[in-house]
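Take a look at the letters that make up each chain.
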Amino acid sequence: VRRIMPGNNIHGKLKLQHEVQTVDWSGESTCPPGRPVKVEVKNLKTNDDLTYCTKKVISTVSLGVLEESNKNIFEPQINMEDSPFQGMGNLVKVYFRFNETF
């Protein structure tokens, strides 16, 4: 996250307790130049609908959720049939070993 969002104040840029409704990455949104991605969200605390224009979006939605969801939030839609991860199963574990504790 720090590499994508440089600077010390990443917490002011992360939107917690917001449910994403749509991510328009078509480049045809009403967002200003330099921030081509339009993200529409619902604040789960206040139930307000909000719109953000940004350069990048980090999605932590698992592949299984994207495949089985009845609602594709991306516009244009992501074609899951062409995904290189298709058919990898329900569970994938990745282990990392570091030489130093941090």
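Rules of the game
Residues numbered from 1 in each chain as written. Predicted model: local features only at pLDDT ≥ 70, side-chain atom pairs only at ≥ 80, totals over all residues. Heavy atoms only, no water. Core = buried A, V, L, I, M, F, W, Y, C linked by side-chain atoms within 4.5 Å. Buried < 20%, exposed > 50% of the residue type's maximum accessible area, 1.4 Å probe, protein only. Contact = heavy atoms within 4.5 Å. Pairing = 2+ DSSP bridges. Helix = DSSP H or I, 4+ residues; strand = E, 2+ residues; numbered from the N terminus. Salt bridge = Lys/Arg side-chain N within 4 Å of Asp/Glu carboxyl O. Lys, Arg positive; Asp, Glu negative; His and termini not counted. Polar contact = N/O pair within 3.5 Å; in protein donor to acceptor, adjacent residues only side chain to side chain. pLDDT = per-residue confidence, 0-100. Disulfide = S-S within 2.5 Å.

Caption draft 1: Just the nonpolar core, in detail. In terms of nonpolar packing, the biggest core is built from six residues, these being Val-23, Val-37, Val-39, Val-41, Ile-73 and Phe-74. Those residues within four positions of Val-39 in sequence are excluded, and the remaining contacts are Val-20, Thr-22, Val-23, Leu-50, Thr-51, Tyr-52, Thr-54 and Val-57.

Caption draft 2: Molecular detail of the sheet that holds strand β3 (residues 49–54). In space, the four strands of this open sheet follow the order β3-β2-β1-β4, with mixed pairing throughout. Because the sheet does not close on itself, it has two edges, and the strands there are β3 and β4 (74–75). Here strand β2 (residues 37–43) pairs with β3 via six bridges, running antiparallel. Along β3, the bridge assignment pairs Glu-40 with Thr-51.

Caption draft 3: Representation of the pattern of salt bridges. Overall, the coordinates contain two salt bridges when judged by the stated rule. For Glu-40, the salt bridge identified is with Lys-38, shortest N-O distance 3.5 Å. Between Asp-49 and Lys-42 there is a salt bridge, with its nearest N and O atoms 2.8 Å apart.

Caption draft 4: Structural context of the side chain of Asp-24. One can find Asp-24 in strand β1 (residues 18–24). Although buried, Asp-24 forms no salt bridge, and the nearest oppositely charged side chain, Lys-38, lies 5.9 Å from it. Looking at Asp-24, its side chain comes within polar contact range of the side chain of Ser-26, at 2.6 Å. Sequence-distant contacts of Asp-24, defined by excluding residues within four places in its chain, comprise Ser-29, Pro-36, Val-37, Lys-38 and Glu-75.

Caption draft 5: Focus on the pairing of β2. Burial analysis of β2 places six of its seven residues in the buried class, which makes it a mostly covered element. Here β1 runs beside β2; their pairing, made up of six bridges, is antiparallel. Paired with Thr-22 across the strands is Glu-40, a residue of β2. Between β2 and β3, which pair antiparallel one after the other, the connecting turn spans five residues, and Asn-47 there sits at a positive phi close to 65 degrees.

Caption draft 6: How the structure looks around the confidence of the model for the protein chain. Model confidence for the protein chain is summarised by a mean pLDDT of 76, while 67% of its residues fall at 70 or above. Per-element mean pLDDT across the protein chain ranges from 71 in helix α1 (residues 63–68) up to 92 in β3.

Caption draft 7: A look at the state of the cysteines. Counted under the stated rule, the structure contains one disulfide. With its sulfur 2.1 Å from that of its partner, Cys-31 forms a disulfide with Cys-53. On the sign convention where negative is left-handed, the bridge of Cys-31 and Cys-53, at about -75 degrees about the S-S bond, is left-handed. Of the two residues, Cys-31 sits in the loop between β1 and β2 while Cys-53 sits in strand β3, which places them 22 residues apart along the sequence.

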